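Examination of the molecular architecture
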Amino acid sequence: MDKLLIRGGAPLNGEIYASGAKNSALPILAASLLADSPLKVGNLPHLNDVTTMLELLGSMGVEVMLSDEMEVQVDTSNIQNLNARYELVKTMRASILVLGPLLARFQQASVALPGGCAIGSRPVNLHIEAMQAMGAEVSIVEGNIKAKVDGRLKGAKIIFEPVSVTGTENVIMAASLAEGVTTIENAAREPEVIDLANCLIQMGANIKGAGTDIITIEGVDRLEGATFSVMPDRVEVGTYLTAVAMTGGLVKIKSAKPKYLSSVILKLEDCGAIINQGEDWVEIKMDASRPQAISLTTGPYPSFPTDMQAQFVSLNSIAKGNSTVTETVFENRFMHVQEIARMGGNIALKGNTAVIEGINKLKGAPVMATDLRASASLVLAGLVAEGDTTIDRIYHIDRGYERIEEKLKILGADIERIS
Ligand code: UD1
């Protein structure tokens, strides 16, 4: 099994490009199921989760063609079955995103229940309840969500509590082909929801309010293919910026959309980084001294993203001063704490808060990646640690970071993939 070996201590300097956003690519690929002609999706990141979604579509008989520019053409005209099988769903919870499109276009779907997950229970009840509110009959049979509807789904008023990103996306997709008007209240405001809505609008959907907490969708009779380019990955960009805030250096990230990263950028400035930005680039400068500790609480967009929480625990572990990091979105999303502690980090967990006493230096150690963002935090810890850090189970990183070691090498890090 591949590992990452990092020899810490090098500052990061140079320029890299942001990749396409995983969390935008996944719903947009699922949206191809709604179209009666091929959808072309560009700027797709090379990531295991994207491959899993393409495999999932392929397993249903959807034709997937890859162009040289990593543009994928998805054609659902010969779809053969409407099942999302457990073998694929269990590796990626976002597979639930096919539920709404399948029901809306084919009036039935069978999607395996995702099951347990390293970052808390992460149920799918909100997805199921929303489909029921739109007229679907849903039952759980042998671990599968079996859903069907007589005729078309019907527009409905859906109120999310708590706010759910993929839940909002599933409803937007289902409602786009439903009969009548659907209103989503307490909708997720994440930029990836806007990206999906923009793609659907190009396919012929009638969606208003994406990016606010009330979204209105008037169903249309048919959607057709379009050509759409996925937005940049704000979590990837945030992760590299945080890396520089820890190692020191000067890094410019191109093809980024920093306006969607304000909550993270503000925290990085608070910890001493100087950040310049344009519409599609962001640059960070950090002197060689340690960052100032900064406390934060995660929340749905536009609050501080839970997908950046682990990276900031890592930053705070070597910061000047003490801090608290409170996680409000997912229970049990602190698997990285024990691993950072193995590198000398001084972190105590009190309920959903990590209480961190910044230390001068972490020490390299063998550590284990436990989930996607936890693994990113270990890479950052390894980059500043004294000595060698080996990170095991990096398939978690490959789910969400495109060529992470290549990008970091370009910036001067001493990092390699070993088996
Ligand atoms: C998405 C992102 C993930 C990010 C998360 C929160 C994708 C593919 N993934 O995940 O990277 O960390 O948003 O920003 O976009 N909940 C329920 N019932 C449900 C669904 C969710 O109780 O049916 C709860 C969850 O347990 C969690 C909260 O709602 O506490 C938010 O989860 P949600 O926004 O749904 O996360 P995902 O969409 O799965």
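Reference entry: report on the structure contained in this document.

Procedures and definitions
Residues numbered from 1 in each chain as written. Predicted model: local features only at pLDDT ≥ 70, side-chain atom pairs only at ≥ 80, totals over all residues. Heavy atoms only, no water. Helix = DSSP H or I, 4+ residues; strand = E, 2+ residues; numbered from the N terminus. Rg over C-alpha atoms; globule rule 2.2 N^0.38 Å. Buried < 20%, exposed > 50% of the residue type's maximum accessible area, 1.4 Å probe, protein only. Contact = heavy atoms within 4.5 Å. Pairing = 2+ DSSP bridges. Axes fitted to C-alpha atoms, helices over the stretch in contact; angles between N-to-C directions. Core = buried A, V, L, I, M, F, W, Y, C linked by side-chain atoms within 4.5 Å. Near = heavy atom within 4 Å. Polar contact = N/O pair within 3.5 Å; in protein donor to acceptor, adjacent residues only side chain to side chain. Areas by Shrake-Rupley, 256 points an atom, 1.4 Å probe, with all protein chains shown as cover. Nonpolar A, V, L, I, M, F, W, Y, C, P; charged D, E, K, R; others polar. Salt bridge = Lys/Arg side-chain N within 4 Å of Asp/Glu carboxyl O. Parallel < 35°, antiparallel > 145°, perpendicular 65-115°, else oblique.

Attention shifts here to the overall build of the protein. When helices and strands are counted, the protein shows 14 helices and 24 strands. The C-alpha radius of gyration of the protein comes to 21 Å, within 12% of the 22 Å expected for a compact globule of 419 residues. When the backbone C-alpha atoms are referred to their principal axes, the protein occupies close to 65 × 45 × 40 Å. Counting only residues that meet the buried cut, the protein has 56% of its 419 residues in that class. Across the protein, every contact between residues at least 6 apart in sequence was considered, and the portion connecting residues at least 24 apart equals 74%.

Spatially, four strands are ordered β22-β23-β1-β24 in an open sheet, and the strand pairing comes out mixed. Each edge of the sheet is formed by a strand with only one pairing partner; in this case those strands are β22 (366-368) and β24 (414-418). Each adjacent strand pair in this sheet contributes to an overall mean axis angle of 20°, direction not counted. Docked against the sheet, helix α12 (residues 372-384) engages β1 (3-7), β22, β23 (388-392) and β24, running at close to 30° with respect to β1.

Ranked by internal contacts, the top residues of the largest apolar core, which has 83 residues, are Leu29, Val98 and Leu200. For this core, the element with the highest residue contribution is helix α1 (residues 22-31), accounting for six residues. Leu29 has contacts with Val41, Leu44, Val50, Met53, Leu54, Leu57, Val72 and Val74, leaving out every residue within four places of it along the chain. Listed in part, the 65 residues of the second largest apolar core include Ala18, Ile253, Ala381 and Ile394.

Looking now at the sheet that holds strand β4 (residues 63-66). Strand order across the open sheet formed by four strands is β4-β5-β3-β14, with mixed pairing between neighbours. Each edge of the open sheet carries a strand with a single partner, namely β4 and β14 (227-229). Across the sheet, the axes of successive neighbouring strands diverge by a mean angle of 20°, strand direction being ignored. Where strand β3 (residues 39-42) lies against strand β5 (residues 72-75), three bridges are found, and the strand directions are antiparallel. Residue pairing in the sheet places Val41 in a bridge with Val72 of β5. Where α1 meets the sheet, it contacts β3, β5 and β14, and its direction lies at approximately 170° from that of β3.

Turning next to the site of the ligand. As a matter of local geometry, the ligand sits amid 18 residues, with Asn125, Ser164, Thr166, Asp307 and Val329 nearest to it. Within the side chain of Ser164, an N or O atom sits 2.6 Å from an oxygen atom of the ligand. Take Val329: an N or O atom from its main chain is 2.5 Å from an oxygen atom of the ligand. Here the ligand has 740 Å² of accessible area as a free molecule, and 87% of this is covered by the chains. Listing elements by their share of the shell around the ligand, those giving two or more residues are α5 (125-133) and α6 (165-176). A per-element tally of the shell around the ligand places α5 first, with three residues. Its residues assigned to classes, the shell around the ligand comprises nine nonpolar, six polar and three charged.

The next thing to look at is α1. For an α-helix the count is 3.6 residues per turn, leaving residues at separations of three or four pointing the same way. Burial analysis of α1 places nine of its 10 residues in the buried class, the great majority of the element. Inspection of α1 places Lys22, Ser24, Ala25, Leu26, Pro27, Ile28, Leu29, Ala30 and Ala31 among the buried residues, and these make up the whole buried set.

Right, let's talk about the pattern of salt bridges for a bit. Where charged atoms of side chains with opposite charge meet at close range, the side chains can pair. Counting across every chain of the model gives 19 salt bridges. Of the charged contacts, one joins Glu416 and Arg7 as a salt bridge, the two residues approaching to 3.6 Å between their closest N and O atoms. With Glu416 in strand β24 and Arg7 in strand β1, this pair connects stretches of sequence that are 409 residues apart. On the basis of relative accessibility, which here comes to 31%, the residue Glu416 falls in the partly exposed class. Residue classification places Arg7 among the partly exposed positions, given a relative accessible area of 32%. The partner of Arg399 in a salt bridge is Asp49, with the nearest N and O atoms 2.8 Å apart. In this pair, Arg399 sits in the loop between α13 (395-398) and α14 (404-410) while Asp49 sits in helix α2 (residues 48-59), placing the two residues 350 residues apart along the sequence. The exposure class of Arg399 is partly exposed, given its relative accessible area of 23%. The exposure class assigned to Asp49 is buried, which follows from its relative accessible area of 2%.

Let's shift gears to the packing of helix α8 (residues 234-247) against helix α9 (residues 262-270). Two numbers describe how α8 lies on α9: the axes approach to 11 Å, and their chain directions differ by 0°. One finds that α8 runs roughly parallel with respect to α9. Residues Gly238, Leu241, Thr242 and Ala245 of α8 pack against Val264, Ile265 and Leu268 of α9. When grouped by side-chain class, the residues that make up the contact of α8 with α9 number five nonpolar, two polar and no charged.

Right, let's get into the pairing of strand β16 (residues 274-277). Both β16 and strand β17 (residues 281-286) contribute to a ladder of four bridges, which runs antiparallel. Looking across to β17, one finds that Ile275 is bridged to Ile284. Counted along the chain from β16 to the antiparallel partner β17, the turn is three residues long.

Our next topic: the side chain of Glu236. With respect to the helices and strands, Glu236 occurs in helix α8. Given the relative accessible area of 2%, Glu236 is considered buried. A distance of 2.8 Å separates a polar atom in the side chain of Glu236 from the backbone nitrogen of Ser19. Excluding residues within four positions of it along the chain, Glu236 makes contact with Ala18, Ser19, Tyr401, Glu402 and Lys407.

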